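Overview (structure and organization)
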Amino acid sequence: MLHAIDLLGVIAFSISGVLVALSKRMDLFGILIIAFVTATGGGTMRDILIGATPVFWMINPEYVYLILIGTIFATFFRKKIDYLRTSLFLFDTIGIGLYTIIGIEKGLSAGLSTPICIALGTITACFGGVIRDILCNEIPVIFRREIYATACIMGGIAFFVLKSLPIDEDYVLLGSGILVIVIRLIAVRFTISLPSLYRNEDDDELNL
Amino acid sequence: MLHAIDLLGVIAFSISGVLVALSKRMDLFGILIIAFVTATGGGTMRDILIGATPVFWMINPEYVYLILIGTIFATFFRKKIDYLRTSLFLFDTIGIGLYTIIGIEKGLSAGLSTPICIALGTITACFGGVIRDILCNEIPVIFRREIYATACIMGGIAFFVLKSLPIDEDYVLLGSGILVIVIRLIAVRFTISLPSLYRNEDDDELNL
Amino acid sequence: MLHAIDLLGVIAFSISGVLVALSKRMDLFGILIIAFVTATGGGTMRDILIGATPVFWMINPEYVYLILIGTIFATFFRKKIDYLRTSLFLFDTIGIGLYTIIGIEKGLSAGLSTPICIALGTITACFGGVIRDILCNEIPVIFRREIYATACIMGGIAFFVLKSLPIDEDYVLLGSGILVIVIRLIAVRFTISLPSLYRNEDDDELNL
């Protein structure tokens, strides 16, 4: 079950990479690389930081095949992909909920402290998109818009709160993962975002 | 003593990250991440390159708390921060002196050769700023302006010269660290910088 | 023999880094760093991903000296370097052939699967240029132009096809390395490139 969601997440992340790469007039190789880093960049950064090498996709090559399939599919049907936007958004949102939990679990098994585990979960969920945006020469979108990382951090906090209660491990995973998803859905539905705090003296309505 | 300087350096680096992030209209999460990579990016790169994982801030979470405090402080007082510019510059300069020495010491304990240890010291001191600038979609400022990395390299050379002399280890650390600080202070005071060597045939006054 | 080609490749990669850095008006330190990451970035990324740390140039400081020499040479003769463009292109092309093979061999000795070894070979050959372009605030050129990574991937596939045949190990290395070089030479000679697949409805001649 978890694994099936993981695989759907990988495909959703790859397709989001393909869409960004297409808008940058990249060639087929560029598209494939952007799809790959979008889907695996967060987990790769996590594994490098904790020293879990070779990184996860080197040991489980099924990720590579899935990303290939996602990329070919999205490239071939690129004119029709707009019809899939809602499904893709859902997969992507489920993906970050799951990736957050996977990152936290990896941090716990490396013996790291609570705040570091929450950071690892957030890195796993968000840094694929950050690396995608750097490679495409953009300021990473999650630094400027949307409750995205914030949802992961809140889910991470929920994980440790639930874990301290006398409830089953499975419900801890499920509850905190679903919280990430719900926060993100609510934020996007009601276009809630963090304040930008732009420091311009003439522009005071943007400031807190 | 060294530890107190380290902590001041972390705070100064965080605040410099906050100031850059604010000028890019980032949201609170973006500001926090930029502050974090500015303060820890150099040491993280050093630890990844030598394989000292989990990287330093995962094992010492006090860095995470300090950066949080520095970020909240700088965000809250962002309109007043200009009054602190001189103090921040001093902390930052003391920080790179100290980070250079920490990087060299880590290289030595990993059994690496002299030039590689100097490179590691320079990476520790400078790469936080490089990653900050990449995330903010700028060409890293240290590639274009100011004696910054050059001060670290000279301090690193001084470290190994002093170390070969029959003097106390403490004076080696102190002398080379202070040299980094003095070179940077002199360079900024007299606006000395490296030549840019721009290769434009019509623009010969810029060339060597 | 292989080692001599490796060293020529390092010098060619450094000089290509210097030329890009000069066009960005970087100072001497910036030029040196760009030369360094262009020459070593691919191998460094490979070593980090598989956990072969400290990374290769920390253990073999001769790379550092070679890059220093290449950088000083190219900076000093920067107005004359255009006469060397053909030789540089040849060294660079031989370099990617060799780097592809080195990356594959490293992957095999880390016990990784065939597709991952091909990916590692391609990363070794191509990511120096990718990091160079990110540091110079450009979308990486290999994502948009030329058969470059494609040549590495094809050489990697050839490596494993040849390896499965009853022929000598040396011919496997030589054959697949030369294939990378030949594909790249043909692609550049006849200006063949991958389609860009730009997704603009008004611009259909660019689409497949």
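Residues numbered from 1 in each chain as written. Chains lettered and ligands numbered in written order. Predicted model: local features only at pLDDT ≥ 70, side-chain atom pairs only at ≥ 80, totals over all residues. Heavy atoms only, no water.

1. Here's the deal with the overall build of chain A
Helices and strands together make up the secondary structure of chain A, namely eight helices and zero strands. Each helix (α) and strand (β) of chain A, taken in turn from the N terminus, gives the series α-α-α-α-α-α-α-α. When the 208 residues of chain A are sorted by exposure, 55% land in the buried category. Within chain A, residue pairs in contact and separated by at least 24 positions form 68% of the contacts whose partners lie at least 6 positions apart. (Helix = DSSP H or I, 4+ residues; strand = E, 2+ residues; numbered from the N terminus. Buried < 20%, exposed > 50% of the residue type's maximum accessible area, 1.4 Å probe, protein only. Contact = heavy atoms within 4.5 Å.)

2. Side note on the nonpolar core
Judged by nonpolar contacts, the single largest core of 188 residues is most densely connected at Trp57(A), Trp57(B) and Trp57(C). In contact with Trp57(C), not counting residues within four places along its chain, are Leu49(B), Ile116(B), Ile123(B), Phe36(C), Thr40(C), Thr44(C), Tyr63(C) and Val64(C). (Core = buried A, V, L, I, M, F, W, Y, C linked by side-chain atoms within 4.5 Å.)

3. Examining the side chain of Asp27(C)
All names here are of chain C. Its location among the elements puts Asp27 in the loop between helix 1 (2-23) and helix 2 (28-50). Engagement of the side chain of Asp27 in a polar contact is seen with the backbone nitrogen of Phe29, the distance being 3.1 Å. There is a polar contact of 2.9 Å between the side chain of Asp27 and the backbone nitrogen of Gly30. (Polar contact = N/O pair within 3.5 Å; in protein donor to acceptor, adjacent residues only side chain to side chain.)

4. A closer look at the packing of aromatic side chains
Summed over all chains, the structure comprises 18 aromatic pairs over all chains. Ring plane angle 90° and centroid distance 4.8 Å describe the contact between Phe36(A) and Trp57(A), whose orientation is recorded as edge-to-face. One end of the pair, Phe36(A), is in helix 2 (residues 28-50); the other, Trp57(A), is in helix 3 (residues 56-59), and 21 residues separate them in sequence. Given a relative accessible area of 4%, Trp57(A) falls into the buried group. Pairing Phe73(B) with Phe77(B) gives two aromatic rings, centres 5.2 Å apart and planes at 50°, and the pair type is tilted. Phe73(B) gets classed as partly exposed once you look at its relative accessible area, which sits at 36%. A network of ring pairs unites the aromatic residues Phe73(A), Phe76(A) and Phe77(A) as a single cluster. Cation over ring: Arg46(A) sits above Phe56(A), and NZ or CZ is 5.5 Å from the ring centre. (Phe/Tyr/Trp six-rings, centres within 6.5 Å; stacked < 30°, edge-to-face > 60°. Lys NZ or Arg CZ within 6 Å of the ring centre and 35° of its normal.)

5. Comments concerning the environment of Pro54(A)
Mapped onto the fold, Pro54(A) is located in the loop between helix 2 and helix 3. With relative accessibility at 18%, the residue Pro54(A) sits in the buried group. Along the backbone, Pro54(A) and Thr44(A) are 10 residues apart, and their C-alpha atoms lie at a distance of 9.4 Å. For Pro54(A), the residues in contact, after removing those within four places along its chain, are Ile59(A), Leu49(C), Ile50(C) and Leu112(C).

6. A closer look at helix 6 (residues 114-135) of chain C
All names here are of chain C. With 22 residues, helix 6 extends 31 Å between its outermost C-alpha atoms, agreeing within 8% with the 32 Å of an ideal straight helix rising 1.5 Å per residue. Counting buried residues in helix 6 gives 18 out of 22 residues, a clear majority hidden from the surface. Asn137 sits one or two positions beyond helix 6 and adopts a positive phi of about 60°. (Expected span 1.5 Å × (residues − 1).)

7. Looking at the packing of helix 5 (residues 85-109) of chain C against helix 7 (residues 149-164) of chain C
Residues and elements named next belong to chain C. Orientation of helix 5 relative to helix 7, taken along the N-to-C sense of each, is 55°, at an axis distance of 10 Å. When the axes of helix 5 and helix 7 are compared, the pair comes out oblique. Between helix 5 and helix 7 lies a crossing of right-handed hand. Contacts between helix 5 and helix 7 pair Ile96, Thr100, Ile101, Ile104, Glu105 and Leu108 from the former with Cys152, Gly156, Phe159, Phe160 and Lys163 from the latter. For the contact of helix 5 with helix 7, the per-class residue count stands at seven nonpolar, two polar and two charged. (Axes fitted to C-alpha atoms, helices over the stretch in contact; angles between N-to-C directions. Parallel < 35°, antiparallel > 145°, perpendicular 65-115°, else oblique. Left-handed = near helix turned anticlockwise from the far one by under 90°. Nonpolar A, V, L, I, M, F, W, Y, C, P; charged D, E, K, R; others polar.)

8. Let's talk about a negative patch on the surface
A surface patch of negative charge is lined by Glu105(B), Asp168(B), Glu169(B) and Asp170(B). Tracing the sequence through the fold places Glu169(B) in helix 8 (residues 169-189). (Patch = residues over 30% accessible without salt bridge, like charges linked within 9 Å, V, L, I, M, F, W, Y side chains within 5 Å. Areas by Shrake-Rupley, 256 points an atom, 1.4 Å probe, with all protein chains shown as cover. Salt bridge = Lys/Arg side-chain N within 4 Å of Asp/Glu carboxyl O. Lys, Arg positive; Asp, Glu negative; His and termini not counted. Charge placed at Lys NZ, Arg CZ, Asp CG, Glu CD.)

9. Regarding the pattern of salt bridges
For the coordinates displayed, the defined rule picks out nine salt bridges over all chains. As a salt-bridge pair, Asp47(A) and Lys106(A) come within 3.5 Å of each other at their nearest N and O atoms. With Asp47(A) in helix 2 and Lys106(A) in helix 5 (residues 85-109), the pair connects residues that are 59 residues apart, well separated along the chain. Given a relative accessible area of 0%, Asp47(A) falls into the buried group. Here Asp133(B) makes a salt bridge to Arg132(B), at a shortest N to O gap of 3.0 Å. Each member of the pair Asp133(B) and Arg132(B) is classed as buried. Overlapping salt bridges, with partners in common, bring together Arg46(A), Asp47(A) and Lys106(A) in one network.

10. Here we look at the environment of Thr100(A)
All names here are of chain A. Here Thr100 shows up in helix 5. Given the relative accessible area of 0%, Thr100 is considered buried. Filtering out sequence-adjacent residues up to four positions away, Thr100 remains in contact with Gly121, Ala125, Cys152 and Val180.

11. Observations concerning the UniProt feature "transmembrane region" (unreviewed entry) in chain A
All names here are of chain A. Look at the UniProt record and you will see "transmembrane region" (unreviewed entry) annotated at residues 6-22, 29-49, 55-76, 88-104, 110-135, 147-165 and 171-192. When the span residues 6-22 is considered, its composition is 100% helix and 0% strand, and the gap between its end C-alpha atoms is 24 Å. As a span, residues 110-135 carries 85% helix and 0% strand, and end to end its C-alpha atoms are 30 Å apart. (UniProt positions renumbered as here; feature names shortened; annotations may be inferred.)

12. Some points on a nonpolar patch on the surface
All names here are of chain A. A grouping of Ile157, Val161, Leu165, Ile167, Tyr171, Leu174, Ile178, Val182, Ile186, Phe190 and Ile192 is seen on the molecular surface, where their side chains present a nonpolar patch of about 1,000 Å² in accessible area. Secondary structure elements with two or more residues in the nonpolar patch: helix 7 (149-164) and helix 8 (169-189). The biggest single contributor to the nonpolar patch is helix 8, with five residues. By the secondary structure assignment, Ile192 is in the segment after helix 8.

13. With respect to the packing of helix 5 of chain A against helix 8 of chain A
Residue and element names in this part refer to chain A. Remark: helix 5 packs on helix 8, axes separated minimally by 9 Å, with the N-to-C direction vectors making an angle of 140°. Classified by the angle between their axes, helix 5 and helix 8 sit oblique to one another. Relative to helix 8, the crossing made by helix 5 is right-handed. Contacts between helix 5 and helix 8 pair Phe89, Leu90, Asp92, Thr93, Ile94, Ile96, Gly97, Thr100, Ile101 and Glu105 from the former with Glu169, Leu173, Ser176, Gly177, Val180, Ile181, Arg184, Leu185 and Val188 from the latter.

14. Here's the deal with helix 5 of chain A
End to end, helix 5 of chain A covers 36 Å across 25 residues, agreeing with the expected 36 Å (1.5 Å per residue, within 8%). At the exit of helix 5 of chain A stands Gly111(A), carrying a positive phi of roughly 75°.

15. Structural notes on the side chain of Asp47(A)
A polar side-chain atom of Asp47(A) sits 2.9 Å from the main-chain amide nitrogen of Phe56(A). Here Asp47(A) is in contact with Ala52(A), Thr53(A), Val55(A), Phe56(A) and Lys106(A), once residues within four sequence places are set aside.

16. Observations regarding the confidence of the model for chain A
Residues and elements named next belong to chain A. A residue-level look at chain A finds 88% of positions with pLDDT of 70 or above and a mean pLDDT of 82. Helix 1 (residues 2-23) is the least confidently modelled element of chain A, averaging 79 in pLDDT, while helix 7 averages 92, the highest of any element. Within the model, the stretch residues 199-208 combines pLDDT values under 50 with 22 contacts to residues more than four positions away or in other chains. (pLDDT = per-residue confidence, 0-100.)

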